Amino acid sequence: MATETFYVSTPIYYVNDVPHIGHAYTTVACDALVRYKRAAGCDAFFLTGTDEHGQKVEKAAAERGERPIDLADRVVTRFQTLWKSLDISNDRFVRTTEPAHRRSVEEIFRRVKENGDVYLGAYEDWYCTPCETFWTENQLIEGNCPDCNRPTDRLQEPSYFFRMSRYQDALLKHIEENPEFIQPVSRRNEIVSFVKEGLRDLSISRTSFSWGIPVPGDPDHVIYVWFDALTNYITGVGFPDDEETFSRYWPADVHVIGKDILRFHAVYWPTFLLSAGLPLPKKVFAHGWWTVEGKKMSKSLGNVVDPAAMAEEYGVDAFRYFVLREVPFGLDGDFSREALVHRINSDLANDLGNLVSRVLAMLGKYRGGVVPRVVSFGTDGPDEEMRDALANTLAEVDRCMDELAFNRALTAIWQFVGVVNRYVDTTAPWVLAKDDARAGRLDQVLYNACEALRGIGLLVFPFMPRTGREIWRRLGMPRPADEGRFEELREWGGLPADARTERGPSLFPRIEAP
Ligand code: ME8
């Protein structure tokens, strides 16, 4: 049977801002998802990247007296370094300034045009002459430029338009026939009402700046940033030249985005694809928005959370765990150190960290740290309960991950951590250890507890790769958790006997309240 494939993407982030917790959130979520799918046996592909063209980058570079590409090169490194430090396992990083992407944009533009969906018209909006920027009515602040606060003028420039109006019915039909296409449901309803109000044709080129991909055949125009940016999702999987990779992974299983850019992904992008004759992504999932200590994050408030600093201070895995556990994916959330420290102390230090260290400490004390060899795994109530609980947890986590319900997946894993903690309490190895006649039962109990830890190590791995890896290492597993497959947890007893374990220091030391 051919291996199932899975393709997930993050938005490509603008290079006129430095990465913050919002960017890290989306990227960590996608990373957990793709690692989960790999452990589930899929051939999974993960794409992220940067959005480098457009007027904002051109302006930001001009203000610094540098070339846009130099600015982009600098900021891209910040993103790439951050992803490395957060253990992000993307398979490809697309930059919209790379030649392969230009080729891809030119090709999709050509196909859309060939289909009769591109015409020359005039783009009209509010123009700020000193800033050389067009603004939409909504962006203006009391009629003035949101950047410099000066008055704006109604102005026109020649522009190529995309016949988006032509795809209104096809898009609505697609949304109706594919209830999974836009998630969560509340967001889907928003898009349906928007499309029903009527789709207007879309301006897809500009002549007022030059930092972009030239329109094929008319280099006075550059392609509008969103037409350029959205195309990254096919560039990243080989469009148009590498047909094998493209047909392997496209259509994407899910584009994960923030709710701020849903319309671009659920309306513009599908209509471009319909016009180009390409399949639509299977799902667009819009997650919620993070505030910080109750306030909107902004440079002027000086409250922008730097994920690298958080990871350094509290640990990469604690940060990853917190953002995915704290808020249901799809709803808004609030970041505070207090909430982060609370999660670390209760879930990570008390529940998980404690369990790992007490099981391995007992194994050290009673069996010299060597995994006992057992003839059976026991049929007492707690033995069976724990085995059933692992099977149920695997099934529940699988359902949750299909819905991108990371917080519920983690809750289910932590319920299992609770079951194992109770297993140790009820079987009381310290009592068994006092009675030589019960040595066989003590072996069984210690084996079962370690075997449960093997399950936990692999289950937490997608969310907390370092922790999963470390649990497997301490258990003396012959392979790193990176190579683990959920399939191996379906049968109880996969932990090799006679392995030498290591107790090690606390996985998550308690943190004093900030
Ligand atoms: O929009 N809370 O790039 P961008 C949660 N280049 N998520 C947040 C967030 C917050 N406070 N702030 C940012 C762009 N994000 C375009 C995308 S895609 C073809 C082009 C995350 O740098 C969230 O995923 O402004 C949001 O959608 C994205 O960063 C916007 O990143």
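Residues numbered from 1 in each chain as written. Predicted model: local features only at pLDDT ≥ 70, side-chain atom pairs only at ≥ 80, totals over all residues. Heavy atoms only, no water.

Undergrad: Mind showing me how you'd approach helix H6 (residues 185-196) here?
TA: Residue pairs three or four apart in sequence face the same way in an α-helix, which turns once every 3.6 residues. Here H6 is 12 residues long and its end C-alpha atoms lie 16 Å apart, about the 16 Å a rise of 1.5 Å per residue gives. What H6 keeps buried is the set Arg-187, Arg-188, Ile-191, Val-192 and Val-195. All buried residues of H6 lie within an arc of 140° about the axis, which places them on one face of the element. In this structure, the buried side of H6 is in contact with helix H5 (168-177), strand E7 (182-183), helix H10 (262-276) and strand E13 (284-287). (Helix = DSSP H or I, 4+ residues; strand = E, 2+ residues; numbered from the N terminus. Expected span 1.5 Å × (residues − 1). Buried < 20%, exposed > 50% of the residue type's maximum accessible area, 1.4 Å probe, protein only. Arc of directions from axis to C-beta. Contact = heavy atoms within 4.5 Å.)

Undergrad: Which parts of the structure should I look at to understand the packing of aromatic side chains?
TA: The geometry of two aromatic rings is summed up by the distance between their centres and the angle between their planes. Considering all chains together, one arrives at 28 aromatic pairs under this definition. A ring pair is formed by Tyr-233 and Trp-269, whose centres lie 6.1 Å apart and whose planes are at 55°; its orientation type is tilted. You can see Tyr-233 sitting in helix H8 (residues 232-235) and its partner Trp-269 sitting in helix H10, a full 36 residues away along the chain. With a centroid separation of 6.2 Å and 70° between ring planes, the pair formed by Trp-250 and Trp-269 is classed as edge-to-face. Remark: Trp-269 occurs in helix H10 and Trp-250 occurs in the loop between helix H9 (243-249) and strand E12 (254-258); sequence separation between them is 19 residues. The same class applies to Trp-250 as to Trp-269, namely buried. Clustering of aromatic rings is evident, with ring pairs tying together Tyr-7, Phe-45, Tyr-233, Phe-239, Phe-246, Tyr-249, Trp-250 and Trp-269. (Phe/Tyr/Trp six-rings, centres within 6.5 Å; stacked < 30°, edge-to-face > 60°.)

Undergrad: How should the environment of Arg-422 be read in this particular structure?
TA: By secondary structure assignment, the location of Arg-422 is in helix H15 (residues 406-427). Here the alpha-carbon distance between Arg-422 and Met-386, two residues 36 residues apart in the chain, equals 9.4 Å.

Undergrad: What is the right way to read the site of the ligand from this model?
TA: If you check the shell around the ligand, you find 23 residues, and the closest are Ile-12, Thr-26, Asp-51, Asp-260 and Trp-290. A distance of 3.5 Å separates an oxygen atom of the ligand from a polar side-chain atom of His-23. Taken by itself the ligand offers 680 Å² of open surface, and the protein chains cover 94% of this. Breaking the shell around the ligand down by element, the ones donating at least two residues are strand E1 (5-14), helix H1 (21-39), helix H7 (225-230) and H8. Of the residues forming the shell around the ligand, the biggest block, 4 residues, is contributed by E1. (Near = heavy atom within 4 Å. Polar contact = N/O pair within 3.5 Å; in protein donor to acceptor, adjacent residues only side chain to side chain. Areas by Shrake-Rupley, 256 points an atom, 1.4 Å probe, with all protein chains shown as cover.)

Undergrad: Honestly, the nonpolar core in this entry has me stumped. Any pointers?
TA: Core analysis: the largest hydrophobic core is formed by 116 residues, its most contacted members being Leu-86, Leu-324, Phe-406 and Phe-463. The leading source of residues in this core is helix H13 (residues 337-367), at 14 residues. When residues no more than four places from it in sequence are discounted, the contact partners of Phe-463 are Ala-32, Arg-320, Leu-324, Met-401, Phe-406, Ala-409, Leu-410 and Ile-413. Listed in part, the 55 residues of the second largest apolar core include Tyr-167, Leu-172, Ile-175 and Ala-266. (Core = buried A, V, L, I, M, F, W, Y, C linked by side-chain atoms within 4.5 Å.)

Undergrad: Quick question: what am I supposed to make of the side chain of Asp-253 here?
TA: Along the chain, Asp-253 turns up in the loop between H9 and E12. Judged by its relative accessible area of 14%, Asp-253 is buried. Only 2.9 Å separates the side chain of Asp-253 from the backbone nitrogen of Tyr-7, close enough to count as a polar contact.

Undergrad: Help me understand the sheet that holds strand E9 (residues 205-206) in this model?
TA: Hydrogen bonds between backbone atoms are what pair the strands of a sheet, whose relative direction is either parallel or antiparallel. As summarised here, the arrangement of the 3 strands in space is E9-E11-E10, forming an open sheet in which the pairing is antiparallel. The outermost strands of the open sheet, each flanked by one partner alone, are E9 and strand E10 (214-215). Across 2 bridges, the pairing between E10 and strand E11 (residues 218-223) is antiparallel. Looking at E11, one finds that Val-215 is bridged to Asp-218. (Pairing = 2+ DSSP bridges.)

Undergrad: What is the right way to read the pairing of E11 from this model?
TA: Residues in a regular strand point their side chains to alternate faces of the sheet. Examined bridge by bridge, E9 and E11 share 2 bridges and lie antiparallel to one another. The residue of E11 that forms the bridge with Ser-205 is Ile-223. Adjacent in sequence and paired antiparallel, E10 and E11 are bridged by 2 residues, among which Gly-217 carries a positive phi angle near 85°.

Undergrad: Just to check I follow, could you spell out the sheet that holds strand E8 (residues 202-203) for this structure?
TA: Strand order in the open sheet formed by 4 strands is E5-E4-E6-E8, with antiparallel pairing between adjacent strands. At either end of the open sheet lies a strand with only one pairing partner, and these are strand E5 (133-135) and E8.

Undergrad: Please clarify how the layout of surface pockets should be interpreted in this entry.
TA: Picture a little ball the size of a water molecule; that probe, rolled over the atoms, points out where space is still empty. Taken as a whole, the second largest pocket encloses approximately 280 Å³ of empty space. Among the elements of the structure, H6 and H15 are those that each provide at least two residues to the lining of the second largest pocket. For the lining of the second largest pocket, the residue count by class is 7 nonpolar, 4 polar and 7 charged. (1 Å grid on protein atoms, 1.4 Å probe; cavity = no way out; pocket = protein on both sides within 12 Å on 5 of 7 lines; lining within 4 Å. Points joined across faces, edges and corners; volume = space filled by probe spheres on them. Nonpolar A, V, L, I, M, F, W, Y, C, P; charged D, E, K, R; others polar.)

Undergrad: Sorry if this is basic, but what is going on with the packing of helix H14 (residues 381-402) against helix H17 (residues 439-460) here?
TA: What describes two packed helices is the angle between their axes and the distance between those same axes. The contact between H14 and H17 brings their axes to 11 Å, and the two run at 10°. Relative to H17, the element H14 is oriented roughly parallel. Every residue of H17 that contacts H14 at Asp-383, Met-386, Leu-390, Thr-393, Leu-394 and Val-397 is listed here: Arg-441, Asn-448, Ala-449, Ala-452 and Leu-459. (Axes fitted to C-alpha atoms, helices over the stretch in contact; angles between N-to-C directions. Parallel < 35°, antiparallel > 145°, perpendicular 65-115°, else oblique.)

Undergrad: Whenever I open this one, the environment of Leu-340 confuses me. Can you help?
TA: Its place among the elements puts Leu-340 in helix H13. Along the chain, Leu-340 and Trp-211 lie 129 residues apart, while their C-alpha atoms are 41 Å from each other. With near-sequence residues (within four places) excluded, Leu-340 lies in contact with Met-310, Tyr-314, Ala-318, Phe-322 and Phe-335.

Undergrad: Looking at this model, I keep getting lost on H1. Mind explaining?
TA: Taking 1.5 Å as the rise per residue, H1 with 19 residues should run 27 Å; its terminal C-alpha atoms sit 26 Å apart, in good agreement. Counting buried residues along H1, 17 of its 19 residues qualify, which places the element largely inside the surrounding structure. Of the residues trailing H1, Gly-41 is marked for its positive phi of about 95°.

Undergrad: What is the right way to look at the pattern of salt bridges in this model?
TA: For side chains bearing opposite charge, pairing can occur when the charged atoms are close. Counting across every chain of the model gives 44 salt bridges. Of the charged contacts in the structure, one is a salt bridge between Arg-110 and Glu-114, with a shortest N-O distance of 2.7 Å. Taken together, the residues Arg-110 and Glu-114, both in helix H4 (residues 99-114) and 4 residues apart, mark about one turn of the helix. The salt bridge partner of Asp-383 is Arg-441, with a shortest N-O separation of 2.9 Å. Note that Asp-383 is positioned in helix H14 and Arg-441 in helix H17, a separation of 58 residues in sequence. This pair shows no difference in class: Asp-383 is buried, exactly as Arg-441 is. Through salt bridges with shared partners, a single network forms among Glu-107, Arg-110, Arg-111 and Glu-114. (Salt bridge = Lys/Arg side-chain N within 4 Å of Asp/Glu carboxyl O.)

Just geometry here; none of it tells us what the structure is for.
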